[in-house]
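Below are the chains, spelled out letter by letter.
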Amino acid sequence: MSLMCFSSLSPPSSSSCYESRAVGVIIGSLPGCKALQTDPLQSTMLRVTTASLCTCSQRMRLLLPPSAPSSTLTPNKRLENQHTVDSLYELSVDIRKVRKIKGWILSESSAYVSETADLLRDMGADTPVIARILETHPEAVLCRPEDVAAQRDLWVSVCPNKRELMSIIEKFPASFFTLTHHSNQRANILYLQSLRLSKRIIGKLMASAPQSFSQPVERNQEVIHTLRETYLDLGGDEVNLRLWLQKLLSQNPYILLRPAEAWRDSLGFLREQGFTTEELLSLVSSLRASIAELQPEAMQHALAYVEEALACSKDELKQIVIRCPAILYYSLPILVGRFQGLMDVGVSVEQVKESPNVLELTTQIVLYRVQKLASYGYDVRSGSLDFIVGTKKDFEMSYGRLHLRQQRPLFNPVAPLKSEE
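All values derive from a computational prediction rather than experimental measurement.

(A) Quick look at the overall build of the protein. Helix and strand counts for the protein come out as 23 helices and zero strands. Counting the 421 residues in the protein, one finds 41% classified as buried. Long-range contacts, defined here as pairs at least 24 residues apart, represent 70% of the contacts in the protein between residues at least 6 apart. Surface accessibility of the protein: about 23700 Å² in total, with carbon and sulfur atoms responsible for 55%.

Okay, here's the thing in structure tokens:
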């Protein structure tokens, strides 16, 4: 086989080098190829023919179906498992999306696409739901069917029905298909059930914070014990303990991932600041147990800045913190920026002391709400900040009431009636 005639051609581009090389091999094997080396006209014709064939090859590549393995087009990648690709394609899974985010999965020698789909279908999932789950978490097809079945049985024990279980899997597929530490998961479920926590709360914990179920049950027991001691030490009673725990775990699923020592350090610091047991219990509940995430040093800086910026006493500072517990977990740069933003729009220090929750809003939100109210004639500099604090829904309700008052003035029953004569 001769390749001499191909060597006389202009070099192909890098994107078509493999196609050009293949064309060269084919043409070089044709009879009379050597004669082309001495004939300039025929050599030119050969170059045109080669270019046309390469262009045709590139067009053919664009027409390949989505299930075509990318490895046949990019030799540097691992060869895809064609059975896996075809099985996903039959389920209407976006193969391009899988290739983009987790392409290595398509190259695994063992995959259980149809088996995983059958298990999800048995739990009530239809084809579009199955496709979304496998697109979001394609690693699911690498799980052995017997392991997924065992995981399903485990989750069924804490989910009221299959519909709710399927809803959780659709939202948190990675949590469901995390099959490691199965014995730890079971032990933690049994422990939380022994505390008489509701199945709904346990299911939410498993979906939102699966790491807490993968760790040894002894760690969760230590944290729960600390929470129980904290609640009772701060004046809580045993009767309401379960409801208090459920509320905290529902609001902050990551509680069990915080070391027990962090609770003791943060509460000890706040005790030193003069907060009573009743006030501490209120803070723990208001912060959704985020106190365990706070560092005493960071809280010290935040309190010192607020005390100086608002020119308040220690007792006033305590009341401000109780009304706006978020002050404790905002970093110093955030507090400085938000307070300065309030001063820039003309808000006074006294107004901030009266409505400290305004510090929960970003400077951009404050500016927008101030301008919104100003467009209807309300000047926050001479009024209360209560109109701009709260959530977006709270603000819309306040702004709506203010707008309504301006559109429809209050009726004065003693004013003389106007009548047309």
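(B) Here's a closer look at helix H7 (residues 127–136). If you check which residues of H7 are buried, you get Val129, Ile130, Ala131, Ile133, Leu134 and Glu135. Summarising the contacts, the buried residues of H7 are in contact with helix H4 (82–90), helix H5 (95–102), helix H6 (113–122), helix H9 (162–171) and helix H10 (173–176). The backbone nitrogen of valine 129 lies 3.0 Å from a side-chain oxygen of the residue at the head of H7, namely aspartate 126.

(C) Highlighting the side chain of lysine 318. When you line up the elements, lysine 318 lands in helix H19 (residues 314–323). The contacts of lysine 318, once residues within four sequence positions are left out, are Gln273, Gly274, Phe275 and Glu279.

(D) Main features of the confidence of the model for the protein. The share of residues in the protein with pLDDT of 70 or more is 77%, and the mean pLDDT across the chain is 80. When the elements of the protein are averaged for pLDDT, helix H1 (residues 4–7) gives the smallest value, 38, and H6 the largest, 95. In this model residues 1–38 is a low-confidence stretch, pLDDT under 50, and it forms 42 contacts with partners more than four residues away in sequence or in other chains.

(E) Broad picture of the pattern of salt bridges. A full pass over the atoms with the stated rule returns 15 salt bridges. Taking the shortest distance from any N to any O, the salt bridge between arginine 144 and glutamate 146 comes out at 3.6 Å. With a closest N to O distance of 3.2 Å, arginine 200 and glutamate 164 form a salt bridge. In this pair, arginine 200 sits in helix H12 (residues 199–208) while glutamate 164 sits in helix H9, placing the two residues 36 residues apart along the sequence. By relative accessible area, arginine 200 is classed as exposed at 52%. Residues joined by salt bridges that share partners form a network here, namely Arg144, Glu146 and Asp147.

(F) A look at unusual backbone geometry. Located in the positive-phi region is serine 92, a residue other than glycine, with phi close to 70 degrees. For serine 92, the position within the fold is in the loop between H4 and H5. A positive phi angle is found at alanine 311, which is not glycine, with a value near 50 degrees. Inspection of the secondary structure puts alanine 311 in the loop between helix H18 (296–309) and H19.

(G) Focus on the packing of helix H15 (residues 241–251) against helix H17 (residues 277–286). Direction vectors running N to C along H15 and H17 enclose 40 degrees, while the axes themselves pass 10 Å from each other. As the angle between them shows, H15 and H17 are arranged oblique. Note on element contacts: H17 touches H15 through Leu281, Val284 and Ser285, opposite Trp244, Leu248 and Gln251. Of the residues in the contact of H15 with H17, the class split is four nonpolar, two polar and no charged.

(H) Inspection of the packing of aromatic side chains at higher detail. Taken as a whole and assessed by the stated rule, the structure comprises six aromatic pairs. Aromatic side chains tryptophan 155 and phenylalanine 176 sit 5.5 Å apart centroid to centroid with 70 degrees between the ring planes, which places their arrangement in the edge-to-face category. With tryptophan 155 in helix H8 (residues 145–156) and phenylalanine 176 in helix H10, the pair connects residues that are 21 residues apart, well separated along the chain. Here phenylalanine 176 falls in the buried class, since its relative accessible area comes to 0%. Between phenylalanine 176 and phenylalanine 177, the aromatic rings sit 5.0 Å apart at their centres with planes inclined by 90 degrees, giving edge-to-face as the arrangement. Here a set of aromatic residues connected by ring pairs shows up, and it is made of Trp155, Phe176 and Phe177. Lying over the aromatic face of phenylalanine 275, lysine 318 brings its terminal NZ or CZ to 6.0 Å of the ring centre.

(I) Geometry of H17. Taken residue by residue, H17 has Glu279, Leu280, Leu281, Leu283 and Val284 as its buried positions. The secondary structure elements touched by the buried residues of H17 are helix H14 (217–233), H15, helix H16 (260–272) and H19.

(J) Representation of the environment of arginine 152 within the structure. Take arginine 152: it is sitting in helix H8. Sequence spacing of arginine 152 and phenylalanine 177 is 25 residues, and the spatial spacing of their C-alpha atoms is 9.4 Å. Those residues in contact with arginine 152 that sit more than four places away from it in its chain are Leu119, Met123, Leu165 and Phe176.

(K) Expanded view of the environment of leucine 280. Note on placement: leucine 280 falls in helix H17. Judged by its relative accessible area of 0%, leucine 280 falls in the buried class. For leucine 280 and leucine 267, which are 13 residues apart along the polypeptide, the C-alpha to C-alpha distance reads 7.6 Å. Setting aside chain neighbours within four positions, we find leucine 280 in contact with Leu234, Leu267, Leu270, Arg271 and Phe275.

So, how was this worked out
- Sequence order as written defines residue numbering, which begins from 1 separately in each chain.
- Confidence filtering applies because this is a predicted model: local features only for residues at pLDDT of at least 70, side-chain atom pairs given and counted only at 80 or more, and all residues used for totals across whole chains, interfaces and linings.
- Hydrogen atoms and water are omitted, and side-chain values are computed over all heavy atoms in the structure.
- The numbering of helices and of strands both runs from the N terminus, where a helix is a DSSP run of H or I of at least 4 residues and a strand a run of E of at least 2.
- With a 1.4 Å probe rolled over the protein chains alone, any residue whose accessible area is under 20% of its type maximum counts as buried; one over 50% counts as exposed, and the rest are partly exposed.
- Residues are treated as being in contact if the distance between any of their heavy atoms lies within 4.5 Å.
- Here the accessible surface of atoms and residues is derived via Shrake-Rupley with a 1.4 Å probe, and residues count as covered only by protein chains that are part of the display.
- Within 3.5 Å is the distance limit for a polar contact, defined as a pair of N or O atoms, with the added protein rule that one can donate a hydrogen and the other accept it, and that residues adjacent in sequence qualify only through two side-chain atoms.
- For every residue, the predictor assigns a confidence score, pLDDT, that lies between 0 and 100.
- Definition used for salt bridges: Asp or Glu carboxyl oxygen within 4 Å of a side-chain nitrogen of Lys or Arg.
- For helices, the fitted axis covers only the stretch in contact; all axes are lines through C-alpha atoms, and the angles between them, taken along N-to-C directions, range from 0 to 180 degrees.
- Should an angle lie under 35 degrees it is considered roughly parallel, over 145 roughly antiparallel, and from 65 to 115 roughly perpendicular; all remaining angles are considered oblique.
- Each residue is assigned to one class: nonpolar for Ala, Val, Leu, Ile, Met, Phe, Trp, Tyr, Cys and Pro, charged for Asp, Glu, Lys and Arg, and polar for all the others, Gly among them.
- Classification of ring pairs rests on two measures: the distance between centres of Phe, Tyr or Trp rings, Trp counted by its six-membered ring, which must be within 6.5 Å, and the angle between planes, read as stacked under 30 degrees, edge-to-face over 60 and tilted in between.
- Placement of a positive charge over a ring is assigned whenever Lys NZ or Arg CZ falls within 6 Å of the ring centre and within 35 degrees of the normal to the ring plane.

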